[in-house]
Each structure stands twice: as C-alpha cells, then as structure tokens.
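Here are the chains, one letter per residue:
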Amino acid sequence: MKINNEMYEAQGGNWWADDAGFELSSLRYCVNPVRYGYFRRKLLERNFSGKRVLDVGCGGGFLSEEFARDGFMVTGIDPSPTSVDTARRHAAEGNLTIDYRVGRGEALPFPDGSFDVVACCDVLEHVDDPGRVIVEISRVLKPGGLFFFDTVNRTWFSKFVLIKIAQDWRLTRVFSPNSHLWEKFIRPDELVAAMNDCGLAFREMRGIAAAGNPLLLLRKLRAVRSGRIRNEEITDVLRLRESDGMKMSYMGFAVKQPAE
C-alpha cells in the first residue's frame, strides 16, 4: 500500500483557505500552535542566538511564518509546487520575507552547516526513507544547531485513532484514504537511534495529546464530517496540548554535535 502524499499537491492551494478540509485546518489551528509554542519555549530557555531556520516539508508555511514573525531568517522547502506557491503568496500578503523552494528532504540543496535551526514537522511519517532525511538535516545544521521535530508514534492507540477512526471508518473519517500508513509511524527509540547515527544528540521529547473525552471526540468528528464544525471551531474538537504521554504524536529536539 502506498501513502497518499499526492493529496498535498491536490490540496496545495487551500492551506490558508477558509474552506480548507480537516487535514489542513487541523494542522493550522490545532497542531501548529502546540508545536511552535514548545519550540519557541526551548529556544528561549537556551538563550539561543542563531537566526537561520530551515523548515523541511514546509507545506503552505504554517510553521515557517511563526519563525519569521519571531525575527528568524527562514527558508522553507517542500516537494509540492502548488503548496510552495501558496506559501509564497501568503507570506507576501503578510509582508513576511521567507525563501520558499521546491525540493525534497532526502536531498536538501544547501551547503553543509547552512542553518542554525532545522524543523521537520508532520513529515517523517510520510517519507520513504526517514533516516536519509535525518542525515540531510544533520548535514545542513551548524554544530550546536537545533533540530526540532514532530511525528506520530507507532502504537495500537495511533492505529485506532488516526487510521481506524479518522481514516477508515465511514461515519467518522476526516482524512483522505491512505493519507497515513500505520507502518510508517515512528517509535521514539527508532528516531533517537537515527539521530544518534548522524551526530544529532537527543535532548527531549514531549507528547501531543487531545484533552477531550474520546467518546465526545467521536461525536464531534461526525459533526466535522457532516460540515457542522469547520475551521477554527475544530480547536474545540481536538483540544490538543503538550503532554507527558506519547502514545499518539510527539515532538522534541536534538543538538548537532561538533565533528570529532
């Protein structure tokens, strides 16, 4: 079974649209605030002074724009030309200077040590070779630079919620067919091992979890599917927050080690 990454090109013009589907709206209104809030806190805690940021798999620019608004010099890269075009237009409308490019995480078109920070979010569970993407991220990071990530854990719980409820079951599905494959989800220990193999020293992981009652979530997903709940209102559906538990999704960071 092949993952449906083509959906990001098919929907690439709708990242910021008022009538965007659940896949994009949930990232915008629910996931992105949680992960960027965490990343920003870690940068402040470390008094981090680097300013050059690369957003790998930037999509329509949700994360890139957050960094840019905080004064970082941001480059975003994504394999979807339509998504990149949408990101460029939205940044221009907001008077944000972001260098958007079409490209793949497996072959980043940048010299070694080009960036102080690399973020790779909602990406590793979609690529065929996440290890190769992490190697490339390490290569373009400066020594002492930070790698921020989020991805989905491969657990029975993520299979039940993201695959069965949100994707397969007719009454509750809000994702396109095969937009996620459970086999491509990544356990935390697998990600740590891949980072260690290429000089990225793991520092911390935190979970991303829904705060609401699971039975109420089921009912609200049916309302989303029928169109009764849209856009900003979905924040009340998922109620995502930073969590100690990582049975669904998780985020974290690592530090690029100096060459020996």
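Placed above this text is the structure.
Residues numbered from 1 in each chain as written. Predicted model: local features only at pLDDT ≥ 70, side-chain atom pairs only at ≥ 80, totals over all residues. Heavy atoms only, no water.

Draft legend 1. Representation of the pattern of salt bridges. Tallied over the full model, the rule gives 23 salt bridges. In this structure, E6 engages K2 in a salt bridge whose closest nitrogen and oxygen atoms are separated by 3.1 Å. Judged by relative accessible area, which is 44%, E6 ranks as partly exposed. Since its relative accessible area comes to 60%, K2 is described here as exposed. Ionic pairing is found between D168 and K164, a salt bridge with its closest N-O pair at 3.9 Å. With a gap of four residues between them, D168 and K164 both fall in helix α6 (residues 156-168), about one helical turn apart. Each of R41, K42, E45, E204, R206, E242 and D244 takes part in a single network of salt bridges with overlapping partners. (Salt bridge = Lys/Arg side-chain N within 4 Å of Asp/Glu carboxyl O. Buried < 20%, exposed > 50% of the residue type's maximum accessible area, 1.4 Å probe, protein only. Helix = DSSP H or I, 4+ residues; strand = E, 2+ residues; numbered from the N terminus.)

Draft legend 2. Just helix α3 (residues 62-69), in detail. Of all eight residues in α3, six are buried, a share of seventy percent or more. For α3, every residue scored as buried is listed here: F62, L63, S64, E65, F67 and A68.

Draft legend 3. Structural context of the sheet that holds strand β4 (residues 115-121). Sheet architecture is open: eight strands sit in the order β3-β2-β1-β4-β5-β8-β6-β7, paired in mixed fashion. Strands at the two margins of the open sheet, each flanked by one partner only, are β3 (98-102) and β7 (240-243). The average undirected angle you get between the axes of adjacent strands in this sheet is 20°. Of the strand pairs in this sheet, strand β1 (residues 52-56) and β4 are connected by four bridges, and their pairing is parallel. Bridge pairing in β4 places D55 opposite A119. Most of the contacts of helix α2 (residues 22-45) go to strand β8 (residues 249-256), to which it runs at about 30°, and overall it touches β4, β5 (141-152), β6 (200-210), β7 and β8. Against the sheet, helix α5 (residues 130-140) makes contact with β1, β4, β5, β6 and β8, and its axis sits at roughly 150° relative to β5, the strand it touches most. (Pairing = 2+ DSSP bridges. Axes fitted to C-alpha atoms, helices over the stretch in contact; angles between N-to-C directions. Contact = heavy atoms within 4.5 Å.)

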